[in-house]
Amino acid sequence: MIRFEQVSKRYSNGHDALKQVSFHLQSGEMSFLTGHSGAGKSTLLKLIMLIEKASQGQVVFNQQNLANFNRRNVALYRRCIGMVYQNHQLLFDRTVYDNVALPLIIAGYNERDLGRRVRAALDKVGLLSKEKLNPVSLSGGEQQRVGIARAVVNKPALLLADEPTGNLDPDLSAEIMDIFEQFSQVGVAVMIATHDLALISRYDHRLLVLENGQLVKDSGAENV
Amino acid sequence: MAGKPGSKETSINTASTRRGASNQSVTFREKTDSYFQNHQSVAKDSVQRLWIHPVASLLTLAVIAIALALPSGFYLLLKNAQVVTQNWDGRAQISLFLSDKVDEKQGMELGNTLRKHKDILKTEFISKEQALKEFEDVSGLKNVMSGLSENPLPSVIIVYPKSSEPDFLNILQGQLAKESGVDLAQLDSQWVQRLYSILKLGQRIVGALAIGLVLAVLLVIVNTIGLAIENRKEEIIITKLVGATDSFVRRPFLYTGILYGFGGGMLALFIINGFLIWLNSPVNELAHLYNARFSLSGLGFVNSFGLLIIAALLGLLGAWMAVGRHLREIEPH
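This is a predicted model, so every value here is computed, not measured.

What counts and how
Residue numbering note: each chain is counted from 1, following its sequence as written. By the order in which they are written, chains take letters starting at A while ligands take numbers starting at 1. The predicted origin of the model limits local features to residues at a pLDDT of at least 70 and limits the giving and counting of side-chain atom pairs to 80 or more, whereas totals for whole chains, interfaces and linings rest on all residues. Working from all heavy atoms in the structure, the side-chain values ignore hydrogens and water. Every helix listed is a DSSP run of H or I at least four residues long, and every strand listed is a run of E at least two residues long, numbered separately from the N terminus. The atom set for the radius of gyration is the C-alpha atoms, and the globule formula is 2.2 Å times the number of residues raised to the power 0.38. Only protein chains enter the accessibility calculation, which uses a 1.4 Å probe; a residue whose area is less than 20% of its type maximum is buried, one above 50% is exposed, and one in between is partly exposed. Values of accessible area rely on a 1.4 Å probe in the Shrake-Rupley scheme; residue burial ignores everything except the protein chains shown. In summary, the charge assignment counts Lys and Arg as positive and Asp and Glu as negative, without counting His or the chain termini. Where a charge lies is defined by one atom per residue type: Lys uses NZ, Arg uses CZ, Asp uses CG and Glu uses CD. Any two residues whose heavy atoms approach within 4.5 Å at even a single point are treated as in contact. How far a helix is expected to stretch is found by multiplying one less than its residue total by 1.5 Å. Our arc is simply the arc of the directions from the helix axis toward the C-beta atoms. Under this definition, polar contacts are N or O atom pairs within 3.5 Å; protein pairs additionally need one hydrogen-donor-capable and one acceptor-capable atom, and for neighbouring residues in sequence, both atoms have to be side-chain atoms. For helices, the fitted axis covers only the stretch in contact; all axes are lines through C-alpha atoms, and the angles between them, taken along N-to-C directions, range from 0 to 180 degrees. The crossing is said to be left-handed when, going from far helix to near helix, the turn is anticlockwise and less than a right angle, and right-handed when the turn is clockwise. Gly is placed with the polar residues, together with every amino acid not listed as nonpolar (Ala, Val, Leu, Ile, Met, Phe, Trp, Tyr, Cys and Pro) or charged (Asp, Glu, Lys and Arg). Each nonpolar core is a collection of buried residues, namely Ala, Val, Leu, Ile, Met, Phe, Trp, Tyr and Cys, held together in the definition by side-chain atoms within 4.5 Å. For two strands to pair, DSSP has to find at least two bridges joining them. In this document the domain limits rely on a domain assignment from an automatic tool or a database. The rule for a salt bridge is simple: a side-chain nitrogen of Lys or Arg has to be within 4 Å of a carboxyl oxygen of Asp or Glu.

Along chain A, the regular secondary structure elements total seven helices and 10 strands. Relative to the 2.2 N^0.38 estimate, which gives 17 Å for 224 residues, the radius of gyration of chain A is 17 Å and therefore close to what a compact globule would have. The buried share of chain A, reckoned over its 224 residues, is 60%. Accessible surface computed for chain A: about 8,800 Å², of which carbon and sulfur atoms make up 47%. One finds the centroid of the 25 positive side-chain charges in chain A at a distance of 8 Å from the centroid of its 23 negative side-chain charges.

Written as structure tokens, this is what we have:
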């Protein structure tokens, strides 16, 4: 699904955010990405989202090198990836429904399919009753769940989450993890970046640990 | 393994990625339907956005409208002035004042001879007596004139040339001045010719003004759309993160640009027509005083429609320029 081959990222200020990172995440595989702050988690996610490009090495998605994508390809590629952001990245000038519908509108769904899919996604995160509200009026946890609904509404091949349970209580965290697991069971590759060691220990998923930009532990490497 | 090196146009391999997810692929028909749906909703949205800040939007529209109305209005005035001068232009004439030695019979003969000249359409002989009578009638100075011991007015032959082209008239005037018995050949259309030149100059000035103001309209739209893009920066970044193409991001701003252009054009038509209505009655009064039948002509349907189209295209062009400048700078980070 997504493969890093000796990927390094050096920012223009000279900071080496990632050094020689290699791993391969399979379809349907669920993984945690962890490490101290500044270890390179965000950079790794940005490389997958094509917000940044690798300085060295290759990031490969379904046999295609991301470095070869033109602007249009980048847009089409991002439609295959659902990302849950730590700061939610919601639009506060429209309803919850319209926020979740955005990826489908961009992908060109007609209104009938769109309504069905948006409500299914909102139902999954337990926010169906709040579709007409503005995200501003929701709690932090609810906003997080709107972000999750938006990330999964287009049935992505790869689901990325940056601290998805950061604002949630343990019960809600477990529910959200259930949703991610459901997706991985139907073939979606899931990568969850988190500090939450308690959360990680509760599940038996692959664990990638970054330290100063280097991948120091990969619990799933033996299985590949 | 890795994508073929150098193959920039790699299509995204989504088929295998959708494995497992109960995915219905979007058909072409559905895609085109939703494409038009998107255009519709974007168009509606850009109208609504103008209402969010009605005063600011109205000010922008007013600036665009004035910049469009000025050259259009001047153009209309010139066009009307040309209609007036064209009516007078046909009446270019040369008056030949005959010397006292020429009597009435000789004067008429001279008139008949000149009529055969290839450049002359017709001639008209006015004797001293006729001239005096006409003068008395028109001026109302009958008593004063009858007090004079002799008629001070000369006989006149009025020559109507075949053309009223300035160079032609000057040559003919020179020839006629040399005819024996002619004291003075006076070209009566000189002031019309001058006015004609002034109008030509006016056309050039209006042309330059139009170019300048069209550029101003363009700059106003570039600036307005540029601000709109800055205001929606967050939204652009988020839509790009969920896979929006450049054309998707560009679309609402292009509609806003067209809307500003079209709206400004409409307002300009109101201004121009209001101006015409305001001028119409004094112009009619003036025309009446000159015993002329003349009324102002407006832009008409074709020109009005053309103005709207040009305005909308200017809006589109301005928006395109603004989007081109800002869109690539706003990327997720």
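Here we come to the overall build of chain B. Within chain B, the secondary structure is distributed over 10 helices and four strands. Listed by position from the N terminus, the elements making up chain B come as α-α-β-α-β-α-α-β-α-β-α-α-α-α. Looking at the 333 residues of chain B, the share that counts as buried comes to 39%. Here the contacts in chain B between residues at least 6 apart in sequence split such that 83% fall between residues at least 24 apart. Per element, the accessible surface of chain B, about 20,200 Å² overall, is 62% carbon and sulfur.

With that out of the way, let us pick up helix α3 (residues 104–115) of chain B. Residues and elements named next belong to chain B. For α3, built from 12 residues, the straight-helix expectation of 16 Å at 1.5 Å per residue is met to within 8% by its first-to-last C-alpha distance of 17 Å. Along α3, the residues that are buried comprise Gly107, Leu110, Gly111 and Leu114. Relative to the axis of α3, the buried residues are bounded by an arc of 100 degrees and lie together on one face. Those residues of α3 that are exposed and aimed more than 90 degrees away from the buried face are Lys105 and Thr113. The N-capping residue of α3, defined by a side-chain oxygen 3.1 Å from the backbone nitrogen of Lys105, is Asp103.

In this section: the packing of helix α9 (residues 246–289) of chain B against helix α10 (residues 300–326) of chain B. Residues and elements named next belong to chain B. Remark: α9 packs on α10, axes separated minimally by 7 Å, with the N-to-C direction vectors making an angle of 145 degrees. Between α9 and α10 lies a crossing of right-handed hand. Across from Arg250, Phe253, Leu254, Gly257, Ile258, Gly261, Phe262, Gly265, Met266, Ala268, Leu269 and Ile272 in α9, the residues of α10 making contact are Ser304, Leu307, Leu308, Ala311, Ala312, Gly315, Leu316, Ala319, Trp320 and Val323. A class-by-class count of the residues in the contact of α9 with α10 yields 16 nonpolar, five polar and one charged.

A:Ile2, A:Phe4, A:Leu44, A:Ile48 and A:Met191 are the most contacted members of the largest nonpolar core, which totals 82 residues. Examining the composition of this core, we find that 11 residues originate from one element, α9(B), more than from any other. When residues no more than four places from it in sequence are discounted, the contact partners of A:Phe4 are A:Val21, A:Ser22, A:Phe23, A:Leu44, A:Leu47, A:Ile48, A:Gln58 and A:Val59. Core analysis: the second largest hydrophobic core is formed by 41 residues, A:Leu90, A:Val96, A:Tyr97 and A:Val118 among them.

So, on to the sheet that holds strand β7 (residues 158–162) of chain A. Residue and element names in this part refer to chain A. Pairing within the open sheet is mixed, and its six strands lie in the order β6-β7-β8-β3-β9-β10. The sheet is open, and its two edges are formed by β6 (81–84) and β10 (214–218), each paired on a single side. Across this sheet, the average inter-strand angle for adjacent strands is 20 degrees, counted without regard to direction. Its contacts with the sheet put helix α5 (residues 140–152) on β6 and β7, and the angle it makes with β6 is roughly 175 degrees.

Each turn of an α-helix holds 3.6 residues, which means side chains three or four residues apart point in the same direction. Residue and element names in this part refer to chain B. In a regular helix each residue adds 1.5 Å, so 12 residues correspond to 16 Å; helix α4 (residues 128–139) covers 16 Å between its end C-alpha atoms and thus fits that length. Every buried residue of α4 is accounted for by Ala131, Leu132 and Glu136. Buried residues along α4 cover an arc of 130 degrees about the axis, so they all sit on one side. Away from the buried face of α4 by more than 90 degrees, exposed residues Lys133, Asp137 and Val138 are located. Summarising the contacts, the buried residues of α4 are in contact with β2 (120–126) and α5 (142–146). In the stretch just after α4, Gly140 is the one whose phi turns positive, near 75 degrees.

Here the focus is unusual backbone geometry. All names here are of chain A. Even without glycine at this site, Lys155 takes up a positive phi of about 45 degrees. Along the polypeptide, Lys155 turns up in the loop between α5 and β7. Residues other than glycine seldom take positive phi values, yet Asn212 does so here, at roughly 50 degrees. In this structure, Asn212 sits in the loop between β9 (206–211) and β10.

Next up on the list: the domain arrangement of chain B. Along its sequence, chain B is carved into domain 1 (37–86 + 195–327) and domain 2 (93–188). Between the C-alpha centres of domain 1 of chain B and domain 2 of chain B the distance comes to 54 Å.

Further remarks concern the sheet that holds strand β3 (residues 156–161) of chain B. Neighbouring strands of a sheet are bound in pairs by backbone hydrogen bonds; such pairs are parallel or else antiparallel. All names here are of chain B. In spatial order, the strands read β2-β3-β1-β4; together these four strands make up an open sheet with antiparallel pairing. One side of each edge strand has no neighbouring strand; the edge strands of this open sheet are β2 and β4 (182–187). Across the sheet, the mean angle from the axis of one strand to that of its neighbour is 20 degrees, orientation sign disregarded. Relative to β3, β2 is paired through six bridges, and the arrangement is antiparallel.

Take the environment of B:Pro152 next. All names here are of chain B. Among the structural elements, Pro152 can be located in the loop between α5 and β3. On the basis of relative accessibility, which here comes to 52%, the residue Pro152 falls in the exposed class. Pro152 sits 21 residues away from Ala131 along the chain, and the two C-alpha atoms are 9.9 Å apart.

Before going further, it helps to examine the pattern of salt bridges. Pairing is possible between side chains that carry opposite charge, provided their charged atoms lie close to one another. Under the counting rule described, the total for this entry stands at 21 salt bridges over all chains. Close ionic contact of A:Arg206 with A:Asp218 constitutes a salt bridge, the shortest N to O distance being 2.9 Å. Of the two residues, A:Arg206 is situated in strand β9 and A:Asp218 in strand β10; the sequence distance between them amounts to 12 residues. You'll find A:Arg206 and A:Asp218 in the same group, each marked buried. Three or more residues joined by partner-sharing salt bridges are found here, namely A:Asp93, A:Arg94, B:Asp45, B:Arg49, B:Arg232 and B:Glu235.

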